[in-house]
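Geometric and topological summary
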Amino acid sequence: MLDEYFRQYGVIAIFAALAVAVPAGMLIISWLLSVLKIRPNNPSTVKNSIYECGFETITERWSNFNFRYYSIALLFVIFDVEVVFLFPWAASFGTMSVQFGAYVFIEMAIFIGILILGWLYAWKKGSLEWS
Amino acid sequence: MNYLPGFIDFYTLYDFCLTLFQNFGFGDNAEWLSYLTAGVIISFIVINLMILSTAFYTWFERRVLGRFQVRRGPNRNGPFGIFQPFADVVKLIMKEDTIPTEADRPVFTLAPIALVAPTLLIMTVIPMGESSFLGSLNIGILFIVGVTSVNSIAIFMAGWGSRNKYAILGSMRGAAMLISYEIPMALGITSVLLMSGSLAMTSIVSSQDIWFIVVMPLGFFVFMAAATAEISRTPFDQIEAESELGSGYNTEFSGIKFAILFLAEFMAPIVTAAVVATLFLGGTKGFDPIPGQIWFVLKMFVVIFVLLWFRATWPRLRVDQIMGFAWKGLFGLGILNIFIVAIEIMIFRTEEGTVGTSNMLIMSAINWVIAVVTLLTLMRIYGQKKLERPIPVPSPLANMGVEAD
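Let's talk about the overall build of chain A
The number of helices and strands found in chain A is three helices and zero strands. Secondary structure elements of chain A occur, N-terminal to C-terminal, as α-α-α. Taken against the 2.2 N^0.38 rule, which gives 14 Å for 131 residues, the C-alpha radius of gyration of chain A at 26 Å runs more than 25% over that of a compact globule. The C-alpha extent of chain A, read off along each of the three principal axes, is 75 × 60 × 15 Å. The proportion of buried residues among the 131 residues of chain A is 17%.

So, in structure tokens, the structure goes:
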């Protein structure tokens, strides 16, 4: 008898493999169709150039990230970690005894309060503005 | 609450395969063989069901949008144009599949697959019947949050691989938008967890004696707005932004790759509708003569229709408006909602830690008042900011004809 835990995740692993295999199969079928000359495949220089409103692309195509993306990414890391801490708290909060629940609530209020201060600081500093 | 009897899930299929393999004398190998066979069969069924319903959904979307815009929508192929998606698929498969010479070929080819697979994976944990098709994962909702994050990587792959300026602009915006809206979405989910006290999707459904949309409208608002942005539907579709970026991240894709990209894009509303129906609309719960699966599908239809309604009603927001809405609006609302719900649970719960049905009704009354007051106040504050437009100056060319006399 397989362990129940691995049983559940094993099915999902099989599903993930098939979820990758089905679109990959579509790509392979499409490629086979072109090999069998059922669908057209006549590449040319102009057809395979990059779309740019009828002009030729100048300068580097892989443009750099604008700096404002970094501040968004930093904020995301901070608050996503916060969410990771919130999840187990939220899932177990309803099942705690009343007094213990009150302590835990106050602890979480302090934790979120510090992050809210950080959020307000970021807002004040203008990190949340997109400009 | 009853369910349709013939509902296939992994475990019924597993038992069936086990008896089959044992009868054919596989002996010790029967167990893992039937495990593998049942897994492959059920996965294949679910994936094809999702692809078929996506095809149906594209037809539904075009018909409904047509009605919104006072036209008919596709109505030529088959009754009410229902074969239109199949015609589209045949056309896209038979179309030439161009790959730009300068493109990063492996990334370009893998991007459609990377976009479809996570969207499909979310369906594994949705409890369509008594449990989901593949049994029930005990951390279902965490799985959804994790798998959703992969989308931003896939969209960035699509933009980066095509090496096109429009595509990379669209996918940069997309990555920034998707990661920003992940946080309000997770905050909306956290309030659901507070009420249900479990990460498993089945127990979230069973704890909804009163639907959570009634108990915490603010949480629903935050989650719905964030989920609409996560799947980049109008009004949040900065990733595509046809009016500014050509077609955004899918500019260079054609043929079957374009078809797969749009398969993922149109599958996302169905998946979101399923998640919203599970978390906030009570999943399979309903009254008795109608089986649970039918209830679930009906709720999904309502959510899908609401998403279409958003698309038909609102114009596209600007990038700065979208980011501001996530960080300044939804984040604060989500935290506020969590605190309100946590305080109410502390007040109203019994000694065993559960909130009774009558107390849930009191909670929902309080929460509706808070939600309406908060949203109206915010609307008043932000609505005051009028668009700063220059005073219209009459064009010097406007009176050219009149100048003569």
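A word on the overall build of chain B
Across its full length, chain B carries 14 helices and zero strands. Across its three principal directions, the C-alpha atoms of chain B cover 100 × 60 × 40 Å. Residues classed as buried in chain B amount to 48% of the 405 residues present. Within chain B, counting contacts between residues at least 6 apart in sequence, those at least 24 apart form 77% of the total.

Some details on the interface of chain A and chain B
Across the contact, 58 residues belong to chain A and 65 residues belong to chain B. Mapped by element, the contributors of at least two residues to the side of chain A that touches chain B are α1 (4–35), α2 (68–93) and α3 (98–125) of chain A. Ranked by residues supplied to the side of chain A that touches chain B, first place goes to α1 of chain A with 17 residues. Tallied by class, residues from the side of chain A that touches chain B come to 41 nonpolar, 12 polar and five charged.

Regarding the environment of Thr-202 of chain B
All names here are of chain B. Looking at where Thr-202 falls in the secondary structure, it is placed in helix α8 (residues 201–206). Here Thr-202 falls in the buried class, since 22 other C-beta atoms lie within 10 Å of it. For Thr-202 and Ile-126, which are 76 residues apart along the polypeptide, the C-alpha to C-alpha distance reads 8.4 Å.

Things to note about the confidence of the model for chain B
Residue and element names in this part refer to chain B. Residue-level pLDDT values for chain B average 83, and 93% of them are 70 or greater. Model confidence for chain B, summarised as mean pLDDT per element, is weakest for helix α1 (residues 10–23) at 79 and strongest for helix α10 (residues 217–230) at 90. Among the prediction metrics, the complex's ipTM stands at 0.87, with pTM recorded as 0.88.

Details of the domain arrangement of chain A
The domain boundaries assigned to chain A delineate domain 1 (1–63) and domain 2 (64–131). Summarising the inter-unit geometry, the C-alpha centres of domain 1 of chain A and domain 2 of chain A are found 37 Å apart.

Examining the packing of helix α2 (residues 30–68) of chain B against helix α11 (residues 255–279) of chain B
All names here are of chain B. Contact geometry for α2 and α11: axes closest at 9 Å, N-to-C directions at 90 degrees. By the angle class used here, α2 and α11 are roughly perpendicular. Residue-level contacts link Met-50, Ile-51, Ser-53, Thr-54, Tyr-57 and Thr-58 of α2 to Leu-263, Phe-266, Met-267, Pro-269 and Ile-270 of α11. Here the residues of the contact of α2 with α11 sort into eight nonpolar, three polar and no charged.

Here is what the cut-offs are and how they apply
In every chain, residue numbers begin from 1 and rise along the written sequence. Each chain gets a letter, beginning with A, and each ligand a number, beginning with 1, in the order they are written. This being a predicted model, a pLDDT of at least 70 is required before a residue's local features are given, and a value of 80 or more before pairs of side-chain atoms are given or counted; all residues contribute to the totals for chains, interfaces and linings. Counting from the N terminus, the helices are DSSP H or I runs at least four residues long and the strands are E runs at least two residues long. Here the radius of gyration uses the C-alpha set of atoms, whereas the globule reference equals 2.2 Å times the residue count to the power 0.38. Buried residues are those with 20 or more other C-beta atoms within 10 Å of their own C-beta, exposed residues have 12 or fewer, and partly exposed residues lie in between; C-beta atoms are placed from the backbone. A pair of residues counts as a contact when their C-beta atoms, built from backbone coordinates, are separated by no more than 7 Å. Classes in brief: Ala, Val, Leu, Ile, Met, Phe, Trp, Tyr, Cys and Pro nonpolar; Asp, Glu, Lys and Arg charged; the others, Gly included, polar. The pLDDT value tells you how sure the predictor is about a given residue, anywhere from 0 up to 100. As annotated, the domain borders come from an automatic or database domain assignment. Angular values range over 0 to 180 degrees, each being the angle between N-to-C directions of two axes fitted as lines to C-alpha atoms, with helices fitted over their stretch in contact. Relative orientations are named as follows: roughly parallel for angles under 35 degrees, roughly antiparallel for angles over 145 degrees, roughly perpendicular for angles from 65 to 115 degrees, and oblique for any other angle.

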